[in-house]
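This is what each chain is made of:
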Amino acid sequence: MPVLQSLNLHRHDRGDETTITLAGELDLDTAAPLRAMVDDCLREGVRTIDIDLSALAFCDVSGLNAFLAAAACTATAKGSLRLHHPRPMLIRLLALTGTGFLLHRLPRAPEVGAWVPAVVYPRLLAS
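Residues numbered from 1 in each chain as written. Predicted model: local features only at pLDDT ≥ 70, side-chain atom pairs only at ≥ 80, totals over all residues. Heavy atoms only, no water.

## Focus on the nonpolar core
Stage number 1. One finds L22, I51 and F67 to be the most contacted residues of the largest nonpolar core, which totals 27 residues.
Stage number 2. For this core, the elements supplying multiple residues, two or more each, are β2 (17-26), α1 (31-43), β3 (48-59), α2 (61-76), β4 (80-84) and α3 (88-97).
Stage number 3. At six residues, the largest contribution of residues to this core is made by α1.
Stage number 4. Setting aside residues up to four positions removed in sequence, F67 forms contacts with L22, L26, L34, I51, L53, C59, L81, L83, L90 and L102. (Core = buried A, V, L, I, M, F, W, Y, C linked by side-chain atoms within 4.5 Å. Buried < 20%, exposed > 50% of the residue type's maximum accessible area, 1.4 Å probe, protein only. Helix = DSSP H or I, 4+ residues; strand = E, 2+ residues; numbered from the N terminus. Contact = heavy atoms within 4.5 Å.)

## Observations concerning the pattern of salt bridges
Stage number 1. Within this structure, the stated rule accounts for five salt bridges.
Stage number 2. Where D13 meets R11, a salt bridge forms, and the shortest distance between an N and an O atom there is 2.8 Å.
Stage number 3. With relative accessibility at 37%, the residue D13 sits in the partly exposed group.
Stage number 4. Between R43 and D40 there is a salt bridge, and its shortest N-O distance comes to 2.4 Å. Here the residue R43 and the residue D40 both occupy positions in helix α1, the gap between them amounting to three residues, near one helical turn.
Stage number 5. By relative accessible area, which is 62% here, R43 ends up exposed.
Stage number 6. When salt bridges that share partners are traced, they join R11, D13 and E44 into one network. (Salt bridge = Lys/Arg side-chain N within 4 Å of Asp/Glu carboxyl O.)

## A closer look at the pairing of β3
Stage number 1. In this sheet, β3 lies alongside β2 in parallel orientation, the contact comprising nine bridges. Bridging from a neighbouring strand, T18 pairs with I49 of β3.
Stage number 2. In this region the chain leaves β2, passes through α1 and returns to the parallel neighbour β3; the handedness of that crossover is right-handed.
Stage number 3. With five bridges connecting them, β3 and β4 associate as parallel partners. Directly across from I51, in β4, lies its bridge partner L83.
Stage number 4. Regarding topology, α2 serves as the crossover connection from β3 to the parallel β4, and that connection is right-handed. (Pairing = 2+ DSSP bridges. Right-handed = clockwise from strand over helix to strand, strands pointing away.)

## Comments concerning unusual backbone geometry
It is generally the case that most residues other than glycine have a negative phi and that most peptide bonds are trans.
Stage number 1. The phi dihedral of K78 is positive, around 60 degrees, even though this residue is not glycine.
Stage number 2. Among the structural elements, K78 can be located in the loop between α2 and β4.
Stage number 3. Accessibility expressed as a relative area gives 74% for K78, which makes it exposed.
Stage number 4. A positive phi angle is found at H85, which is not glycine, with a value near 60 degrees.
Stage number 5. Mapped onto the elements of the fold, H85 is located in the loop between β4 and α3.
Stage number 6. For H85, a relative accessible area of 43% puts it in the partly exposed group.

This is the structure:
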C-alpha cells in the first residue's frame, strides 16, 4: 500500500507580516499549496513572510524550487521571505545548492560543521 504524503500549512498574520508554518513533507506533490499561500499573502499586501520549518520532516528539490519561486515573487513585490528553524537535512540542501541566502540569519558564530552555513542554529546545538 502506498504511503500518502501530506503537507499541512498554517498561516498567522500580523499586519503586513505573516508566519507560514509547514508540517509534513514538501515535494513535487505538495509544493503547489505553499506557492498558492505565498501568492495569496502578496495579493493581500503582506510583504514580510517568515516560513517556520521546525515541523517539516522532508524537503526535496521541488520544495527548494517552491522556496526559490516564493522568494522571487516576494522580492518582486518589494517584500522579504525567510526560512526559519530548518532541520539539518534542509540546511545541507541549501548549502549544497548555494541557496542559503533564504535562511534567517542569526548572529555570526563559529561553524558547527563543514556543510553548515556560517551561522549556528540552536536546534543543531541541542542535537
